[in-house]
Every structure is written in structure tokens, then in C-alpha cells.
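# Working through the structure, step by step
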Amino acid sequence: MSSAKYYRTEALTLKNMPLGESDLLVTLYCKDIGKLRAVAKGARKSTSKLVGHFEPLTINNISITKSTNLDIINQAETIEDFDHLKSNLIGMAQGVYINELLDGFAPESHSNNDLYILTHNVLKKLASHSQARLPLMYFELHLLRLSGLMPEIYHCVECREELSPECHRFSSDYGGTLCLQCKPPDSVIRNISLSALKVLRMLHKANVNRLPELKMSPSTAEELDSILRNTIQFWLDKEIRSKTFLEYLRRSTADTIYS
Ligand SMILES: [Zn+2]
């Protein structure tokens, strides 16, 4: 970030909370700055030019004044509001989950332009096809990668041998796939099917804008969900509440709408 007193950036709103009588304390993920907490002065007044700009899952061009404490947002121009995501419960739940993950993984004021672009692209993908499960898995895996926490999925994480088909297991806490011979002490080891491993490798290599129309079996989708959830929870060291809500919605909705 430059040393200027004022700066402009593009920013996704992750969450907000009331501050004082009429302000909002806003957590943003910015294209040029990374995660930032700032104050939108008077944003809860109906007459404010900032009102309505800082709902979660809204992207604004904002101008900010630096402050010794929290920076102050002066202007906001909404450039994307992901209406389609916000207008249905599952879409909203997926977007909130993405926001919670970003908030959990991203350190404050640490620029990661690739992570911003990943998030923007996945939200756009979900907004056009909000029932899809694959873009969300793509986000989970690449969030780990861009945070320096990518699980190993090609070799045994212990002996480094290349994995043979059907001869592999997975450990979230030990860092990824294991061969059948290696049993690191104190690690939680689980089976991973070949089909689940293939989807992970495909997601690792794919471009989010060209994700294939992959029809996963419900059991493969559940297995991948579980592997990614356990890995994310291991690194965040807490339950992700929005994921629990999303899983509740999935259980209460017909499986046929997911692909
Ligand atoms: Zn091994």
C-alpha cells in the first residue's frame, strides 16, 4: 500500500456490524490490500451516500482515508452485487461460507491478488449456477493452495513415492495423501477413493471459468466434502458455522438439484 493519505481499491464486503449510533464496522477483502477492517461513517443513516453498499457479498470501488486506528471509507460505488446468489437461500449460504473462509484464512493487510481473483471468479460462477457443488470445492482447494496449505495429492506425503492407483489414504492433519505402507504416528488417517482423488486432481489443474460439467455420484461428493471440510477445520482450528448451515440445507433439499 502506498504512503498516501487517501487510496482507492476494489473490495468485497465479507461482513459488517453496527458501530456507534450510525456507523458500520466493515470487514472487506480488497483487491490491492487483502483483508481490511474499516469504518463506513454514517452508513446506517437513510440519507447517507454509503447506505446499502456494505451488505455481505457486494463488491464496491471505494475510496478510503488512512487513520491511526481504523481507516475511514469515504465513497463507495457498487460494481457487483451478486443478486442471483442473494435471492436464493442456498446461493446466499454458499456466498456466506466463502466469506467466512476468506475471513478465517486471510491475514489482515496482506495483499493476495490471486486470492481476490479466485474469490471473484467463484462467486460469479456460483451466481450463474448457484446449485453447483464443484465451484465451491474448487474454492476450498485453491484457497488452501493460495494460503500455502495445499494438501499433497500426487505423492505419499511421508515417503514421497508416487501413489499407485487404489493404494492411497489421506490425512488432513499430516498434509495429504499417504501410501499404504506409511503410518505416521499421531495422524488421523482415512480412506480416499480413486474417484475422489481424481476429482481433487482435476480441480487442482482446472481453470474455474472452464470447469467441466462433472456429474459426481452422491457418495463421491460427500467424501470430497468431508475431506475438504476436515482439512479446512484442521487449519482454522474451529467449526465453520456457515458450512454446517449449508450442509443442513443440502440434507433438507432433494439431492437431484445438485450436480
Ligand atoms: Zn509412503
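Read on for an overview of the structure. (Residues numbered from 1 in each chain as written. Predicted model: local features only at pLDDT ≥ 70, side-chain atom pairs only at ≥ 80, totals over all residues. Heavy atoms only, no water.)

### Observations concerning the coordination of the zinc ion
Those donors, Cys156 (SG), Cys159 (SG), Cys179 (SG) and Cys182 (SG), are the protein atoms that reach the zinc ion, and they lie 2.2 to 2.4 Å from it. Coordination at the zinc ion is tetrahedral: its 4 donor atoms span angles of 103 to 115 degrees at the metal. Here the donor residues of the zinc ion are spaced in sequence according to C-x2-C-x19-C-x2-C. Placement of the pair is cysteine 156 in the loop between α4 (134-146) and β6 (169-171) and cysteine 182 in the loop between β7 (176-178) and β8 (190-191), with a sequence separation of 26 residues. Accessibility assignment for this pair places cysteine 156 and cysteine 182 in one class, buried. (Donors = N, O, S within 2.8 Å, 3.2 Å for Na, K, Ca; no water. Tetrahedral: all angles 85-135°; square planar, octahedral: opposite > 155°, others 65-115°. Helix = DSSP H or I, 4+ residues; strand = E, 2+ residues; numbered from the N terminus. Buried < 20%, exposed > 50% of the residue type's maximum accessible area, 1.4 Å probe, protein only.)

### A word on the sheet that holds β6
As summarised here, the arrangement of the 3 strands in space is β7-β6-β8, forming an open sheet in which the pairing is antiparallel. For this open sheet the edge positions go to β7 and β8, each flanked by a neighbour on one side alone. As judged from the 3 bridges shared by β6 and β7, these two strands associate in the antiparallel manner. Opposite serine 171, over in β7, you have glycine 176 as the bridge partner. (Pairing = 2+ DSSP bridges.)

### Notes on the pattern of salt bridges
Going through the model one piece at a time under the given rule, you end up with 11 salt bridges. Across the pair aspartate 225 and arginine 250 runs a salt bridge whose closest N-O atoms are separated by 3.0 Å. In this pair, aspartate 225 sits in helix α6 (residues 218-236) while arginine 250 sits in helix α7 (residues 241-251), placing the two residues 25 residues apart along the sequence. With respect to class, aspartate 225 is no different from arginine 250; both count as buried. The structure contains a network of salt bridges with shared partners spanning Arg133, Glu140, Glu222, Asp225, Lys243 and Arg250. (Salt bridge = Lys/Arg side-chain N within 4 Å of Asp/Glu carboxyl O.)

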